[in-house]
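Understanding the architecture of this molecule
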Amino acid sequence: MGKNHPNVDPYIVSRVRALESLLLEKGILAPDAVDRVVQRYESDTGPMVGAQATARAWTDPAYKRLLLENAQAALRQLGLDYGMLVVAENTPAVHNLVVCTLCSCYPWPVLGLPPTWYKMPAYRSRAVSEPRAVLREFGLDIPPEREVRVWDSSSEMRYMVLPERPPGTEDLGEAELVPLITRDALIGVARVQAPAAVR
């Protein structure tokens, strides 16, 4: 397991390329359409929305309550109408981890493009059966006294982790916090790191 898992099925890659070529050739797809969609999910939409929601929750207690109780209403304040999200908060007593055991259901509009490893059978099965071992492989050693909760996404519901705010960031504002928050932290396989200047 690890961060950029290389095991992408070459058959699927070739099929996608063939379909894209055919759609371009028939004039059904504009030449830059795929690039625009990828750009949207890589940088414009996510994980920026999830990072913005997290940074706001860290700096605004009322927004944090709303995000945890009614994520749809909280995301609407950020300009996103997405009703399939539940947010699970990491605390000193509980660490949350998101997976989709049946397929690869994932909140694209909130977290952007899913990492390749998220869709791999090894992650999907082991995240449920041995979450602490999986987290260790990502560099997170969760102490035995801290509960690990695994949230299994489905076609009806997606999940996002509200990571713990790193110590030393108390003086940072929302805009300064957003760049610190990674997609992996919002899935639960990483911690948010304070900038080197405040560590």
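Refer to the structure printed above.
A brief look at the structure comes next. Given the structure is predicted, the values throughout are model-derived calculations rather than measurements.

Parameters and conventions
Note that residues are indexed from 1 along each chain, following the sequence as it is written. For this predicted model, a pLDDT threshold of at least 70 governs which residues receive local features, and a threshold of 80 or more governs which side-chain atom pairs are given and counted, while totals over whole chains, interfaces and linings are taken from all residues. Side-chain calculation: all heavy atoms of the structure are included, whereas hydrogens and water are not. A helix here means a DSSP run of H or I that spans at least four residues, while a strand means a run of E at least two residues long, and both kinds are numbered starting from the N terminus. Exposure classes here rest on a 1.4 Å probe applied to the protein chains alone. A residue is buried below 20% of its type maximum, exposed above 50%, and partly exposed in between. In this text, buried Ala, Val, Leu, Ile, Met, Phe, Trp, Tyr and Cys residues form a nonpolar core when linked through side-chain atoms within 4.5 Å. Salt bridge, as used here: a side-chain nitrogen of Lys or Arg that lies within 4 Å of a carboxyl oxygen of Asp or Glu. By definition here, a helix of n residues has an expected span of 1.5 Å times n minus one. By definition in these notes, contact holds between two residues if any of their heavy atoms fall within 4.5 Å. With axes taken as lines fitted to C-alpha atoms, and helix axes fitted only over the stretch in contact, angles between N-to-C directions fall between 0 and 180 degrees. Orientation is classified from the angle alone, with under 35 degrees giving roughly parallel, over 145 giving roughly antiparallel, 65 to 115 giving roughly perpendicular, and any other angle giving oblique. Here is the rule for handedness: rotate from the far helix to the near one, and if that takes an anticlockwise turn smaller than a right angle the crossing is left-handed, while a clockwise turn gives right-handed. In the scheme used here, Gly and all other residues not listed as nonpolar or charged are polar, with Ala, Val, Leu, Ile, Met, Phe, Trp, Tyr, Cys and Pro taken as nonpolar and Asp, Glu, Lys and Arg as charged. Pairs of cysteine sulfur atoms within 2.5 Å are what we label disulfides.

A count of helices and strands for the chain gives eleven helices and four strands. Per-residue burial for the chain yields a buried fraction of 41% across its 199 residues.

In this section: the nonpolar core. Ranked by size, the top nonpolar core spans 48 residues in total, and within it Tyr123 and Ile187 carry the most contacts. Considering each element in turn, this core owes the most residues, six residues, to helix H3 (residues 48-59).

Applying the stated criterion to the full structure yields eight salt bridges. In this structure, Glu174 and Arg56 form a salt bridge, with 3.2 Å as the shortest nitrogen-oxygen distance. Remark: Arg56 occurs in helix H3 and Glu174 occurs in helix H10 (residues 174-177); sequence separation between them is 118 residues. Among the residues examined, Glu174 registers a relative accessible area of 26% and is labelled partly exposed. Of the residues examined, Arg56 reaches a relative accessible area of 22% and is grouped as partly exposed. A salt bridge links Asp141 to Arg136; its shortest N-O distance comes to 3.9 Å.

Bringing the environment of Arg136 into the picture now. Positionally, Arg136 belongs in helix H9 (residues 131-137). With relative accessibility at 45%, the residue Arg136 sits in the partly exposed group. A sequence separation of 53 residues divides Arg136 from Val189, and the C-alpha atoms of the two residues are 8.9 Å apart.

For H3, which comprises twelve residues, the first-to-last C-alpha distance of 16 Å matches the rise-based estimate of 16 Å (1.5 Å per residue) to within 8%. Within the sequence span of H3, burial applies to Val49, Gly50, Ala51, Ala53, Thr54, Ala55, Ala57 and Trp58. Contact partners of the buried residues in H3: helix H4 (61-69), helix H5 (71-76), helix H6 (108-111), strand S4 (158-162), H10 and helix H11 (183-187).

Before going further, it helps to examine helix H8 (residues 121-129). Along H8, the positions that sit buried rather than exposed are Tyr123, Arg124, Arg126 and Ala127. If you follow the buried residues of H8, they end up packed against strand S2 (94-99), helix H7 (116-119), H9, strand S3 (147-152) and H11.

This part takes up the side chain of Thr54. You can see Thr54 is positioned in helix H3. If we ignore the near neighbours within four places in the chain, the residues touching Thr54 are Met160, Leu162, Pro163, Ile181 and Leu186.

Okay, the packing of H3 against H4 next. One way to put it is that H3 packs onto H4 with a least axis distance of 5 Å and a crossing angle of 130°. The orientation of H3 relative to H4 falls into the category oblique. Note that H3 runs across H4; the crossing there is left-handed. Packed against H3, whose contacting residues are Ala53, Arg56, Ala57 and Thr59, the element H4 presents Pro61, Tyr63, Lys64 and Leu67 at the interface. Across the contact of H3 with H4, the residue classes break down as five nonpolar, one polar and two charged.

With respect to the secondary-structure elements, His95 resides in strand S2. Discounting residues that sit within four places of it in the chain, His95 has contacts with Asn90, Leu135, Leu140, Ile142, Arg146, Glu147, Val148, Arg149 and Gly188.

Let us look at the state of the cysteines. Inspection of every chain in the model, using the stated rule, returns zero disulfides. Sulfur of Cys100: no disulfide; nearest cysteine sulfur belongs to Cys103 and is 3.7 Å away. Judged by its relative accessible area of 0%, Cys100 falls in the buried class. With no disulfide partner, Cys105 has as its closest neighbouring cysteine sulfur the one in Cys103, 3.4 Å distant.

Let's shift gears to the pairing of S4. Counted residue by residue, S4 has five buried out of five residues, so it is predominantly covered. Judged by which residues are buried, S4 turns out to be covered on both faces: Arg158, Met160 and Leu162 on one side and Tyr159 and Val161 on the other are all buried.

These figures capture arrangement, not role.
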